[in-house]
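# Chains, contacts and geometry: an overview
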Amino acid sequence: MSDTDDELVRVTINGKEIRAPGNLSTIQALWFAGYPRVKGVGCLEGVCGSCRILVRRKDSPEVAMALGCQTLIEDGMEVHFLVFPTPTHHAYQLDEIANSWEVQAQFHRIFPEAVHCRHCHGCDVSCPKGIEVEKGVELAGKGRFREASELFVACVMCDFCMTACPEHIAPNHLGLFARRVTAYFHIRPSNLISRLEELRRNEHPIRTD
Amino acid sequence: MAQGTPYAAALAAYRPQAQRPLAPQTLSGEALLKAFHPDYYAGSLAPLQVGPNQGEMCHRQLAQVLQADARIDEADLAGAPVLETGILVIGGGGAGCAAALAARQAGAKVTLATKLRLGDSNTVMAEGGIQASIAPADTPQQHYDDTMRAGRRLGDKRLVARMAMEAPEVIRWLIQQGMQFDLDQYGDILLRRAGGASAERVAYYRDYTGLEMMRVLRESVLNSNIQVLDYSPAVELLSNELGHCAGAVLSSLKDCSYIMVKAKSVILATGGIGRMHINGFPTSNHFGATGDGLVLAYRLGAKLVDLDSYQYHPSGLAYPQHLAGSLITEGVRSAGAYLLNARGERFIDELKPRDQVSSAILRECAEGRGVAAGEAQGIWLDTPGVELRQPGLLKERFPKLVDLGKKSDVNPLTTPLLIYPTLHYQNGGARIDEHGRSTAPGLYCVGEVSGGIHGKNRLMGNSLMDIICFGRRAGAHAAERCHLMSHKRVSLEHLSRVRRELALAELPLDIKGPMLFPECAKPEKDSDYDGLRRNRGPEG
């Protein structure tokens, strides 16, 4: 790799102009330029959701939301690292839900804002994973938790949709609720249960010699 | 410069093919490891000169931080706020969350401190799955035997037996936390086979197993009356008048201040050492995996084991450069993907234990049969072959792989991926008992920072199991004994002993530990950085 100046691209990160090779991510570019970014850096593989950035590309008025470790720098790009929003106010314990018939009622108690969705698409636009967030909110609101749960498979809990939502719905936490109740009430694998029963009857002592 | 066939030429010569026979292997097992595994690189080990493992061999890079001076002394704590808790958990990954949840469940007051955000960890990146013997044809005994065999019979029998027995219960607990697993049409848990295992035993959720686990555990912790201190790496442990662990000093990245947390017991769950880049290898590890817990535990007198043994995962992405080190799950090989050298030949049974597969890849590259891409080199992971045999499987089961393909501009359905071993796991760590207790009283160690379970080589899926199994056990045990513990005087007294030993051994006092952050991101390099306070340099 050659680092001569004319092969480096210029990018502005948090107001500072830096130069780095174009095949680097925004975070790698900062490190390359000698800025020891620590906050907002995590797995570097796009699954921890820590490196939330706003991006504006050259000659474009649009500001996109993205993950810093997954975004390669481009000439003239402007990047701003975001801090995390305050944690969601939605609190619940799965074992407070008496049984699966109660999930819908409990959902509306825990996420009362879900039915206020304005269909502004803010959550869809902000999602770096391309999740149909708004649809998930609507499905969960109708009690279709398993379907909603499937939409949030790739969610990394970056909280972008939470930041974007004018109604404070916290769609990612809602999606995770849908996923958790699905497991909590409906995953009952017979192969697992059989083994647990065998273990309870001490049928599997282990020889360690 | 890398040797081997240039990338473009090797790719042009590559033809997708459903079946490829494996030629008989001349070099295998122990001989293959001795010749090519990085643990055997000449000159990479050094004897430790101080501490509980004095005289034992340890990797040079780790020895340097284990024998480093502390970052702070008593004067730094003047005026520091003091927080009192029951159990202090250090580390916000899977092991830390499991420990915190179990301790809270048992009624203890729990504080969890994490270097970055809650959930920022290697757990969230784990893809392959979690081992539990739940297939009808499988048994806990087989799980035990496979784990011991893969670890070259060096694992701690009691720990391995405990894990194999409790594994099914751990899966049940995870489901009750709200974690999903991939199921068959009747709702049974689907299982795949780990390299080196005798049965299908790895439960999974797509190739997002760790992500699914972590987001569920994090949500559970945040809803559980557990105090979470984020952006607060531990820089030193606290000790009482007897030298027992009695808390920790945290360094807040938010306002550059120190906080003293006094606790009845401490559970260290700080993970591994990937970002130390042992032997100069790329790593699949999280940004925060800098071995902090080992350093803290060692200074307090905890005995460590297997410090010369690291796992290099066979399939780290080698190209393109900005994604180098990113992991491709072993599940892909488990699903039938071949490994091919630049000539398109298979050179190892792909489902051998990881240490052997990695050694074979290093051999191909060293002997000029690899593929060279700029400074990087590697061999092919033959994903198109899987697509030919089982169309649609990759897309359905490995969404993260397909996504990785998009980011690297390589379509894994039609083009093989260039891979090279990546530093993945620290096999050793702090010696623990069945409750996760280290040899230093009051200090528990769980997850990757602990040692003894995996011997000299870990099986796929045993790490996610080990962190939850022993995380829960440590949390419950520590909570149970909370009322028995009391500390009269809490200080950094143990550092006087450490410094005396370092001085007597004539070791340099200008190296400070723990590392906290990788070299590329040292906060002290940048004066206007609003993070950790500056290290004191050697000049004072």
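Computed from a prediction, not measured in an experiment: that's the story for all the values here. (Residues numbered from 1 in each chain as written. Chains lettered and ligands numbered in written order. Predicted model: local features only at pLDDT ≥ 70, side-chain atom pairs only at ≥ 80, totals over all residues. Heavy atoms only, no water.)

Our next topic: unusual backbone geometry. With an omega of 0°, the peptide bond running from Tyr319 of chain B to Pro320 of chain B counts as cis. Inspection of the secondary structure puts Pro320 of chain B in the loop between strand E15 (310-317) and helix H9 (331-334). For the bond from Gly513 of chain B to Pro514 of chain B, the omega torsion is -5°, close enough to zero to count as cis. Mapped onto the elements of the fold, Pro514 of chain B is located in the segment after strand E23 (512-513). In this structure, His119 of chain A takes a positive phi of about 55° despite not being glycine. Mapped onto the fold, His119 of chain A is located in the loop between helix H2 (103-110) and helix H3 (122-126). Since its relative accessible area comes to 41%, His119 of chain A is described here as partly exposed. Residues other than glycine seldom take positive phi values, yet Ala170 of chain A does so here, at roughly 55°. On the secondary structure map, Ala170 of chain A appears in the loop between helix H6 (160-164) and helix H7 (171-186). (Helix = DSSP H or I, 4+ residues; strand = E, 2+ residues; numbered from the N terminus. Buried < 20%, exposed > 50% of the residue type's maximum accessible area, 1.4 Å probe, protein only.)

A few words now on the domain arrangement of chain B. All names here are of chain B. Assigned domains of chain B: these are domain 1 (5-36 + 339-421) and domain 2 (74-309 + 427-484). Each of domain 1 and domain 2 has a C-alpha centre, and the two are 32 Å apart. Each side of the interface is counted separately: domain 1 has 16 residues, and domain 2 has 17 residues. With both chains or domains summed, domain 1 and domain 2 bury close to 1400 Å², and 52% of this area falls on carbon and sulfur atoms. Considering only the side of domain 1, the residues that lose the most area to domain 2 are Arg354, Arg397 and Lys400, jointly responsible for 41% of the buried surface there. (Domains from an automatic or database assignment. Contact = heavy atoms within 4.5 Å. Buried area = accessible area lost by both parts, 1.4 Å probe.)

Facing the 59 residues of chain A at the interface are 73 residues of chain B. Regarding the contact of chain A and chain B, the summed buried area is about 5500 Å², with carbon and sulfur atoms giving 53% of it. Considering only the side of chain A, the residues that lose the most area to chain B are Lys39, Glu45 and Arg195 of chain A, jointly responsible for 12% of the buried surface there. On the surface where chain A and chain B come into contact, there are three salt bridges. One salt bridge connects Arg179 of chain A with Glu212 of chain B, and the closest N-O pair in it is separated by 3.1 Å. Run the count over chain A and chain B and you get 26 residue pairs in polar contact (both at pLDDT 80 or more). When residues of the side of chain A that touches chain B are traced back to their parent elements, those giving at least two are helix H1 (26-32), helix H5 (145-151), H7 and helix H8 (190-200) of chain A. No other element matches H7 of chain A, which puts seven residues into the side of chain A that touches chain B. Taken together, the residues of the side of chain A that touches chain B sort by class into 32 nonpolar, 16 polar and eleven charged. (Salt bridge = Lys/Arg side-chain N within 4 Å of Asp/Glu carboxyl O. Polar contact = N/O pair within 3.5 Å; in protein donor to acceptor, adjacent residues only side chain to side chain. Nonpolar A, V, L, I, M, F, W, Y, C, P; charged D, E, K, R; others polar.)

Another aspect to go through is the pattern of salt bridges. Residues and elements named next belong to chain B. Following the criterion strictly, the structure yields 45 salt bridges over all chains and no others. The shortest N-O distance in the salt bridge between Arg333 and Glu330 comes to 3.8 Å. Exposure remark for Arg333: the relative accessible area of 2% places this residue in the buried category. The buried category is assigned to Glu330, whose relative accessible area is 2%. Salt bridges linked by common partners bring Asp138, Asp146, Arg149 and Arg201 together as one network.

Attention shifts here to the sheet that holds strand E22 (residues 450-451) of chain B. All names here are of chain B. Ordered by their spatial adjacency, three strands build an open sheet running E14-E20-E22, and the pairing between neighbours is mixed. Here the strands that pair on one side only, and so sit at the sheet edges, are strand E14 (304-305) and E22. Pairing analysis gives two bridges linking strand E20 (residues 429-431) to E22, with the strands arranged parallel. What sits directly across from Ala430, in E22, is Ser450. (Pairing = 2+ DSSP bridges.)

Residue and element names in this part refer to chain A. When the domains of chain A are assigned, the result is domain 1 (5-81) and domain 2 (94-186). Computed over C-alpha atoms only, the centres of domain 1 and domain 2 are separated by 30 Å. Each partner contributes to the interface: domain 1 provides nine residues, whereas domain 2 provides eight residues. For the domain 1 and domain 2 pair, buried surface summed over both sides reaches about 730 Å², with 62% attributable to carbon and sulfur atoms. It is Arg52, Met65 and Leu67 in domain 1 that bury the most area against domain 2; as a group they hold 65% of the surface buried on that side. Where domain 1 meets domain 2, there are zero salt bridges. There are four residue pairs in polar contact (both at pLDDT 80 or more) connecting domain 1 and domain 2. Put simply, the parts of the chain that give the side of domain 1 that touches domain 2 at least two residues each are strand E3 (52-56) and strand E4 (63-67). With three residues, the top contributor of residues to the side of domain 1 that touches domain 2 is E4. Looking at the side of domain 1 that touches domain 2 residue by residue, the classes come out as six nonpolar, two polar and one charged.

We now examine the environment of Met162 of chain A. Residues and elements named next belong to chain A. Note that Met162 resides in helix H6. Along the primary structure Met162 and Ile193 are separated by 31 residues, whereas in three dimensions their C-alpha atoms are 38 Å apart. If near-sequence neighbours (up to four positions away) are discounted, Met162 is found in contact with Pro85, Thr86, Pro87, Thr88, Ala170, Pro171, Asn172 and His173.

Considering the arrangement of structural elements, one finds Glu345 of chain B in the loop between strand E16 (338-340) and helix H10 (354-366). With residues up to four places along the chain from it excluded, the contact list for Glu345 of chain B reads Leu339 and Leu340 of chain B.

Turning our attention to the sheet that holds strand E2 (residues 16-21) of chain A. Residue and element names in this part refer to chain A. Taken together, five strands build an open sheet; the order of strands is E2-E1-E5-E3-E4 and the sheet is mixed. Both edges of this open sheet fall to E2 and E4, since each of them pairs with a single strand only. Direction aside, the axes of adjacent strands within the sheet are offset by 35° on average. Both strand E1 (residues 8-13) and strand E5 (residues 77-81) contribute to a ladder of three bridges, which runs parallel. The partner of Val11 across the bridge, within E5, is Met77. (Axes fitted to C-alpha atoms, helices over the stretch in contact; angles between N-to-C directions.)

Residue and element names in this part refer to chain A. At their nearest, the axes of H2 and H7 sit 12 Å apart, and the two run at 155° to each other. The angle between the axes of H2 and H7 places the two elements in the roughly antiparallel class. The way H2 lies across H7 gives a crossing that is right-handed. Contacts between H2 and H7 involve Val103, Phe107 and Ile110 from the former and Leu174, Phe177, Val181 and Phe185 from the latter. Counted by class, the contact of H2 with H7 contains seven nonpolar, no polar and no charged residues. (Parallel < 35°, antiparallel > 145°, perpendicular 65-115°, else oblique. Left-handed = near helix turned anticlockwise from the far one by under 90°.)

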